[in-house]
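# Overview (structure and organization)
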Amino acid sequence: MPALNVLFILVLSAYFLGATLHLLGVVSGRRPLRRAGEGLTVTGFLLHTVDLVVLLATEGGAALLLGEFYFSLLAWSLLLICLFLWWRLRLEMLGLLAAPLALFLFLSSQAVTAQRMPLPKALGGLFFGLHIGALFLAISLLAMACGAGLAYLYLEHKIKTKEKLSVFSKALPALSTCDTVNRWAVAAGFPLYTIGLLSGFIWAKLTWNRIFSYDPKEIIAIGVWLLFAFLFHQRLFIGWRGRKTAKLAIWIFCLTLVSLLVINFFVPTHHSFARYIDGASNIPVRTQP
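Residues numbered from 1 in each chain as written. Predicted model: local features only at pLDDT ≥ 70, side-chain atom pairs only at ≥ 80, totals over all residues. Heavy atoms only, no water.

This part takes up the overall build of the protein chain. For the protein chain, the helix and strand inventory stands at nine helices and zero strands. Helices and strands appear in the protein chain in the N-to-C order α-α-α-α-α-α-α-α-α. Per-residue burial for the protein chain yields a buried fraction of 47% across its 289 residues. By sequence separation, contacts in the protein chain at least 24 residues apart represent 78% of the contacts at least 6 residues apart. For the protein chain, the exposed area adds up to about 13900 Å²; of that, 72% sits on carbon and sulfur atoms. (Helix = DSSP H or I, 4+ residues; strand = E, 2+ residues; numbered from the N terminus. Buried < 20%, exposed > 50% of the residue type's maximum accessible area, 1.4 Å probe, protein only. Contact = heavy atoms within 4.5 Å. Areas by Shrake-Rupley, 256 points an atom, 1.4 Å probe, with all protein chains shown as cover.)

Here you go:
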């Protein structure tokens with residue numbers, strides 16, 4: 001598919017150049033380089049959007065069962081949240097991390113490309129789309145909370161030990177700003193995660209006539225929701241802030257990664273991509289450039 005190959009190269013180039021120029025701008029203190037890096041990152045995001053649209057238009061519903069599509073969509077969701085917070089809070093830290101993060105996840109989406117599989121009728125409909133969309137946005141917000149938490153703990157350690165700040169450290173925001181990112185991400189992420197979880201249970205009821213089947217992914221999802229609910233309550237209603245919320249956000253995101261990476265690809269459940277492979281596929285494979 002020539003169009004997809006060209007888009008792949010363009011997205012990859014924009015993310016790579018954006019990451020490189022922004023890093024050089026931070027290290028050298030040259031604002032024009034940072035601006036160029038920011039522009040290329042946004043351009044890469046727009047091209048990435050087109051790439052997803054073309055992939056869906058070309059392969060239709062079958063794209064929904066590809067590891068490639070899910071990782072690419074997750075990379076897109078993460079960058080969407082990252083760019084929004086970057087724009088809203090004017091955080092240089094997010095500009096420094098946005099393009100490298102997008103580059104890594106976009107490349108990962110190509111590494112997990114699987115066989116093209118026909119989409120089962122069970123994996124369709126409104127609730128399935130709501131389930132995937134809400135959960136991916138929630139996971140992206142969790143990633144931002146995790147990143148802000150790591151930055152908070154790193155800076156707090158530097159301040160307490162009175163170590164000299166490196167160039168990277170100086171590019172990080174203040175502790176209060178890291179805490180603000182955590183608060184925003186938790187406040188928006190928990191409701192989205194709840195919507196994603198509930199729509200998944202409704203979809204399961206409509207598809208398999210059961211809400212809960214003790215599937216490993218469902219069990220971990222409930223565990224993540226309980227921890228997320230606790231963080232949401234403590235953060236917004238009890239007034240937790242700083243180190244406690246940073247650490248808890250990091251642990252919740254790590255548990256989410258276990259669910260996303262291990263169960264989806266290595267555990268034989270009805271959430272596993274491999275479950276639907278019938279040994280052959282008549283759907284064309286996206287050629288790697």
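Summed over all chains, the structure comprises five salt bridges. A salt bridge links Arg-243 to Glu-156; its shortest N-O distance comes to 2.6 Å. You can see Arg-243 sitting in helix H9 (residues 243-266) and its partner Glu-156 sitting in helix H5 (residues 126-161), a full 87 residues away along the chain. We note a salt bridge from Asp-179 to Arg-235, for which the minimum N-O separation is 2.7 Å. A residue pair is termed long-range when its members are at least 10 positions apart, and Asp-179 in helix H7 (residues 175-208) and Arg-235 in helix H8 (residues 216-238) qualify at 56 residues. Asp-179 gets classed as buried once you look at its relative accessible area, which sits at 6%. Look at Arg-235 and you get buried, because its relative accessible area is 7%. Via salt bridges that share partners, Glu-156, Lys-160 and Arg-243 belong to a single interconnected network. (Salt bridge = Lys/Arg side-chain N within 4 Å of Asp/Glu carboxyl O.)

Residues Leu-236, Phe-237 and Ile-238 make up a contiguous nonpolar surface patch of roughly 320 Å² in combined accessible area. Mapping Ile-238 onto the fold places it in helix H8. (Patch = residues over 30% accessible without salt bridge, like charges linked within 9 Å, V, L, I, M, F, W, Y side chains within 5 Å.)

Moving on: the packing of aromatic side chains. In the structure shown here, the tally under the stated rule is seven aromatic pairs. Taken together, a centroid distance of 5.4 Å and an interplanar angle of 15° make the contact between Phe-45 and Trp-76 stacked. Of this pair, Phe-45 sits in helix H2 (residues 31-59) while Trp-76 sits in helix H3 (residues 67-89), and the two are 31 residues apart along the sequence. According to the relative accessible area criterion, Phe-45 is buried, its value standing at 10%. Put simply, the rings of Phe-190, Tyr-193, Trp-225, Phe-228, Phe-232 and Phe-237 touch in pairs and so form one group of aromatic residues. (Phe/Tyr/Trp six-rings, centres within 6.5 Å; stacked < 30°, edge-to-face > 60°.)

Right, let's get into H8. In an α-helix there are 3.6 residues to a turn, and that puts residues three or four apart on one side. Taking 1.5 Å of rise per residue, the 23 residues of H8 would be expected to cover 33 Å, and the 32 Å separating its terminal C-alpha atoms lies within 8% of that figure. Looking only at H8, the buried set comprises Lys-217, Glu-218, Ala-221, Val-224, Phe-228, Ala-229, Leu-231, Phe-232, Gln-234 and Arg-235. Directly after H8, the chain includes Gly-239, whose backbone phi takes a positive value near 95°. (Expected span 1.5 Å × (residues − 1).)

Attention now moves to the environment of Leu-46. In this structure, Leu-46 sits in helix H2. Taking relative accessible area as the criterion, Leu-46 reaches 52% and is therefore assigned exposed. C-alpha separation for the pair Leu-46 and Trp-76, spaced 30 residues apart in sequence, amounts to 9.5 Å.

Attention now moves to the confidence of the model for the protein chain. Model confidence for the protein chain is summarised by a mean pLDDT of 75, while 72% of its residues fall at 70 or above. Mean pLDDT values over the elements of the protein chain span from 67, in helix H6 (residues 167-171), up to 89, in H8. Segment residues 114-122: pLDDT under 50, and 30 contacts once partners within four positions in sequence are set aside and those in other chains are kept. Within the model, the stretch residues 276-289 combines pLDDT values under 50 with 36 contacts to residues more than four positions away or in other chains. (pLDDT = per-residue confidence, 0-100.)

Moving on, we come to the state of the cysteines. Among covalent bonds in proteins, the disulfide is the one between the sulfur atoms of two cysteines. Following the criterion strictly, the structure yields zero disulfides and no others. Take Cys-254: it sits in no disulfide, and the sulfur closest to it among the cysteines is that of Cys-146, at 5.6 Å. (Disulfide = S-S within 2.5 Å.)

Taking the C-alpha atoms as reference, Asp-179 lies 7.5 Å from Gly-149; in sequence the two are 30 residues apart. In this structure, Asp-179 is in contact with Tyr-152, Arg-235, Arg-241, Gly-242 and Thr-245, ignoring residues within four places of it in sequence.

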